[in-house]
Amino acid sequence: MDKIKSMMRAVQYSKYGGGVADLKHVEVPVPSPKKDEVLIKVETASINPIDWKLQDGVARPFLPRKFPHIPGTDVAGEVVQVGSDVQSFKVGENVVAVLGNGGALAEYAVANEGSTVSRPPEVSAREAAALPIAGLAAHQSLTQLAGLKLDGTGPEVNVLVTAASGGVGQYAVQLLKLANAHVTATCGARNIDLVRSLGADEVLDYRTPDGVALKSPSGRKYDVIIHCAHNIPWSTFEANLTSKGKVVDTTPGFGTLMSVAFKKITFAKKQLIPLFTSPKKENLEFLVKLVKEGKLKPVIDSVHPLSKAEEAWAKSIDGHATGKILVEP
Ligand SMILES: NC(=O)c1ccc[n+]([C@@H]2O[C@H](COP(=O)([O-])OP(=O)(O)OC[C@H]3O[C@@H](n4cnc5c(N)ncnc54)[C@H](OP(=O)(O)O)[C@@H]3O)[C@@H](O)[C@H]2O)c1
């Protein structure tokens, strides 16, 4: 293992709303792990829409906690230092982590022991870094919110996944193969073959009239919709749901929360459920294990050097990635 440097390269932004233009390449001190943290030499980081949404001010004034801020939550790399209370990791171990306070777009990052998991040799750093937020979002949407079992023991369900070519959607479709599910998916025309190869039984081009209407080609109604796209009105969902169908909204805005409250008050049978992903270690371990066993294959859109992190940032903002966007120091 190389000696830990005192300074590292990183990408920072300094305010809300600055976009790609406010990403600056800087040399900053390597962070020191607190007693329950590990210091990771980053091999690969991945970008999620939440990274640039935080920069836009979606959680203003709470997050980021302070400026300048090194963004990014998902990293895979090698543990190079451990805090005094850390029990589960040793220097030299390969890990994947969710960073609670950003820091992924850098050569080194600190992660809480509780949101760090081991990366076995069968899982590459790129595959691992592609997992955390998007994989956890898909997993928690299906299991905790939709109540599906990923061991095939549940009753047969019809599920629709919107934006199945994106970071979250690709995992939702693949995980649904482990459940007793018939999967309909939406994506752009160029990704139809890919989404079918991930396990979707039926695929709709979202720019066609049937795609806009979310109409199942085989005439099925959906028990569950995992909604990873934007701007689809409730009336479109409602027309396609079974009588007790559920929509899990991965991007809950104010309108979703008002709608959830209204449905509760009126005892509506068709439910709208907001997703707030949590960095649960056991869920991330499960995803890593699936990749190790060849049951889950992260789709990688592109890999960008840290020196060109702004290209990765702009690509994510553009909203047309196929799978995950990665960055490497
Ligand atoms: N609540 C949470 O805790 C949580 C956690 C994770 C993610 N999220 C949110 O979930 C959403 C999805 O995240 P992501 O990482 O999957 O995004 P992403 O990777 O940026 O999604 C891009 C993909 O979406 C496709 N797409 C765009 N509009 C579509 C539409 N109307 N119908 C079908 N496909 C469409 C694009 O296809 P084309 O290129 O063909 O247009 C592209 O392949 C984001 O808003 C993110 O912030 C929330």
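Residues numbered from 1 in each chain as written. Predicted model: local features only at pLDDT ≥ 70, side-chain atom pairs only at ≥ 80, totals over all residues. Heavy atoms only, no water.

(A) Up close: the site of the ligand. Around the ligand, a shell composed of 25 residues is seen, among which Arg190, Tyr206, Thr277, His320 and Ala321 lie nearest. Lys53 is positioned such that a nitrogen or oxygen atom in its side chain is 2.7 Å from an oxygen atom of the ligand. Between the ligand and the protein, one listed contact pairs an oxygen atom with a side-chain N or O atom of Tyr206 at 2.5 Å. Against a free-state accessible area of 950 Å², the protein chains account for coverage of 88% of the ligand. Looking at the shell around the ligand, the elements that each hand over two or more residues are helix H1 (49-56), helix H3 (132-145) and helix H4 (167-176). Looking at the shell around the ligand, you find at least three residues from each of domain 1 (7-130 + 298-328) and domain 2 (134-274). (Near = heavy atom within 4 Å. Polar contact = N/O pair within 3.5 Å; in protein donor to acceptor, adjacent residues only side chain to side chain. Areas by Shrake-Rupley, 256 points an atom, 1.4 Å probe, with all protein chains shown as cover. Helix = DSSP H or I, 4+ residues; strand = E, 2+ residues; numbered from the N terminus. Domains from an automatic or database assignment.)

(B) Broad picture of the sheet that holds strand S12 (residues 241-249). What the six strands build is an open sheet, ordered S10-S9-S8-S11-S12-S13; its pairing is parallel. Where the open sheet ends on each side, the last strands, each with one partner, are strand S10 (202-205) and strand S13 (271-274). Looking at each pair of strands side by side, their axes are set apart by 20° on average, direction ignored. Judged from the four bridges that link them, strand S8 (residues 157-162) and strand S11 (residues 222-227) form a sheet pairing that is parallel. Residue pairing for S11: Leu160 is matched across the bridge by Ile225. H3 contacts S11, S12 and S13 of the sheet and is inclined by roughly 145° relative to S12. (Pairing = 2+ DSSP bridges. Axes fitted to C-alpha atoms, helices over the stretch in contact; angles between N-to-C directions. Contact = heavy atoms within 4.5 Å.)

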